Amino acid sequence: MKKIALALTALAALTGTASAADLAARPYAKAPAAVAPVYNWTGLWISGGFGYGMAEYQHSEYNFFAPFNQFSTGQDAAAKGWLGKVGIGYDYQFMGNFVLGAFADADWSNISGQYSVNTTNGFLGGALGSSNITGQFKNDWSWSAGARIGYVALPGLLTYFNAGYTEGHFKGTGFLNTAIPPFIGVTGLALGDQTRSGWFVGGGTEYAVTQFLPGLFWKNEVRFSEFDNKTNTIGCVVATGCLLGSAMTQRSHIYEQKATTELVYRFNWGGPVVAKY
């Protein structure tokens, strides 16, 4: 019995020594380094927001109150106002951090201001003096379609430039006489509604706020637009005739700047894509 007990004690000691040796021989496995999330900007998006716009309405008139008045000058309209905006587009990410996209958007606005037409009377060398009539400029809606190129400067931050075609609608106006008493008031002269085409350039940023909702972005943009020259007739709209004349021709040009802030939702965003191990 003593021999058996000694043999078992020796076997247990050898087994424990071997187990300790095995544990000491295992190599240390270092945990993998964290991988930064990779965002995918490819996909469809929609947007909505608001902004502020300013416009300059440059104009000149001629053949006013013919044959007594042959030319006129006036004060350009410096218009301004708020706007609401919606948009839709598609982006494609390529070559790492570059993004190319196409989009269309529309806004409804109250960008308005007053402008005047100051006429010099040509009859008898200007003996009859001059007159001054005023009208209102108002841009009530516009739409645009274009393309943009951008660069992902930081994870979740896109900077971009855009350009394209735009079309705007400008409300008609009736003119008031402000300089010939006792006839101060409505003249009966009016300029009809206009729809003008033009081009735009702009730029902005988009930032992912995915900690609140995956796919949600905050976009800020500034855009400059120029609308084509146009020639229109300011005519008499009163059946009995207008006191200050029958018609004149107006040539005009419009520049506009808008700054907007919007929320953008990307349908395929789904949060960052992280490498698997």
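Please read these numbers as outputs of a predicted model, since none were measured by experiment.

Draft legend 1. The side chain of Glu-221, seen in detail. Looking at the secondary structure, you find Glu-221 in strand E10 (residues 216-236). On the basis of relative accessibility, which here comes to 5%, the residue Glu-221 falls in the buried class. Within polar-contact distance, the side chain of Glu-221 engages the side chain of Tyr-160 at 2.7 Å. In terms of polar contacts, Glu-221 uses its side chain to reach the side chain of Asn-162, at 3.2 Å. When sequence neighbours within four positions are dropped, the list of residues in contact with Glu-221 reads Lys-85, Tyr-160, Asn-162, Gly-203, Gly-204, Lys-258, Ala-259 and Thr-260.

Draft legend 2. Looking closely at the pairing of strand E11 (residues 247-266). Two strands pair when backbone bridges link them, and strand E1 (residues 43-62) and E11 are joined in this way by 18 bridges, in the antiparallel orientation. Across the sheet, Ser-47 pairs through a bridge with Val-264, a residue of E11. In terms of strand pairing, E10 meets E11 through 18 bridges, oriented antiparallel. What sits directly across from Phe-227, in E11, is Ile-254.

Draft legend 3. How the structure looks around the confidence of the model for the chain. Per-residue pLDDT for the chain has a mean of 80; in total, 68% of the residues score no lower than 70. Every residue in residues 122-128 is under pLDDT 50, and counting partners more than four places away or in other chains gives six contacts. This stretch, residues 271-277, has a pLDDT under 50; its non-local contacts, to residues over four places away or in other chains, come to 11 contacts.

Draft legend 4. Structural view of the pattern of salt bridges. Evaluated as defined, the whole model comprises 12 salt bridges. Note that Asp-105 is salt-bridged to Arg-223, the shortest N-O span being 2.9 Å. Of this pair, Asp-105 sits in strand E4 (residues 98-121) while Arg-223 is found in strand E10, placing the two residues 118 residues apart along the sequence. This pair shows no difference in class: Asp-105 is buried, exactly as Arg-223 is. A salt bridge links Arg-148 to Glu-206; its shortest N-O distance comes to 2.8 Å. Of this pair, Arg-148 sits in strand E5 (residues 130-154) while Glu-206 sits in strand E9 (residues 194-208), and the two are 58 residues apart along the sequence. We classify Arg-148 as buried; its relative accessible area is 5%. Exposure remark for Glu-206: the relative accessible area of 0% places this residue in the buried category. Overlapping salt bridges bring together Lys-85, Asp-105, Lys-219, Glu-221, Arg-223 and Glu-262 as one network.

Draft legend 5. A look at unusual backbone geometry. The phi dihedral of Met-95 falls on the positive side, at around 50 degrees, and the residue is not glycine. By secondary structure assignment, the location of Met-95 is in the loop between strand E3 (77-94) and E4. When its relative accessible area of 67% is taken as the criterion, Met-95 is described as exposed.

Draft legend 6. Main features of the side chain of Ser-225. By secondary structure assignment, the location of Ser-225 is in strand E10. What makes Ser-225 buried here is its relative accessible area of 6%. Those residues in contact with Ser-225 that lie beyond four places of it in its chain are Thr-166, Trp-199, Phe-200, Ile-254, Tyr-255 and Glu-256.

Draft legend 7. Inspection of the nonpolar core at higher detail. Counting residues in hydrophobic clusters, the biggest one holds 18 residues, and the most contacted among them are Tyr-57, Tyr-115, Phe-137 and Phe-175. Broken down by secondary-structure element, the contributors of at least two residues to this core are E1, E3, E4, E5, strand E8 (185-191), E10 and E11. Leaving out residues up to four positions away in the same chain, Phe-137 has contacts with Ala-55, Tyr-57, Ala-77, Ala-79, Ile-111, Ser-112, Gly-113, Tyr-115, Phe-170 and Ile-254.

Draft legend 8. Summary view of the pairing of E9. Pairing analysis gives 14 bridges linking strand E6 (residues 157-170) to E9, with the strands arranged antiparallel. From the neighbouring strand, Tyr-165 faces E9, where its bridge partner is Trp-199. Note: E9 against E10, 11 bridges, orientation antiparallel. Counterpart to Gly-203 in the pairing with E10 is Val-222.

Reading guide: rules and limits
- Residues numbered from 1 in each chain as written.
- Predicted model: local features only at pLDDT ≥ 70, side-chain atom pairs only at ≥ 80, totals over all residues.
- Heavy atoms only, no water.
- Helix = DSSP H or I, 4+ residues; strand = E, 2+ residues; numbered from the N terminus.
- Buried < 20%, exposed > 50% of the residue type's maximum accessible area, 1.4 Å probe, protein only.
- Polar contact = N/O pair within 3.5 Å; in protein donor to acceptor, adjacent residues only side chain to side chain.
- Contact = heavy atoms within 4.5 Å.
- Pairing = 2+ DSSP bridges.
- pLDDT = per-residue confidence, 0-100.
- Salt bridge = Lys/Arg side-chain N within 4 Å of Asp/Glu carboxyl O.
- Core = buried A, V, L, I, M, F, W, Y, C linked by side-chain atoms within 4.5 Å.

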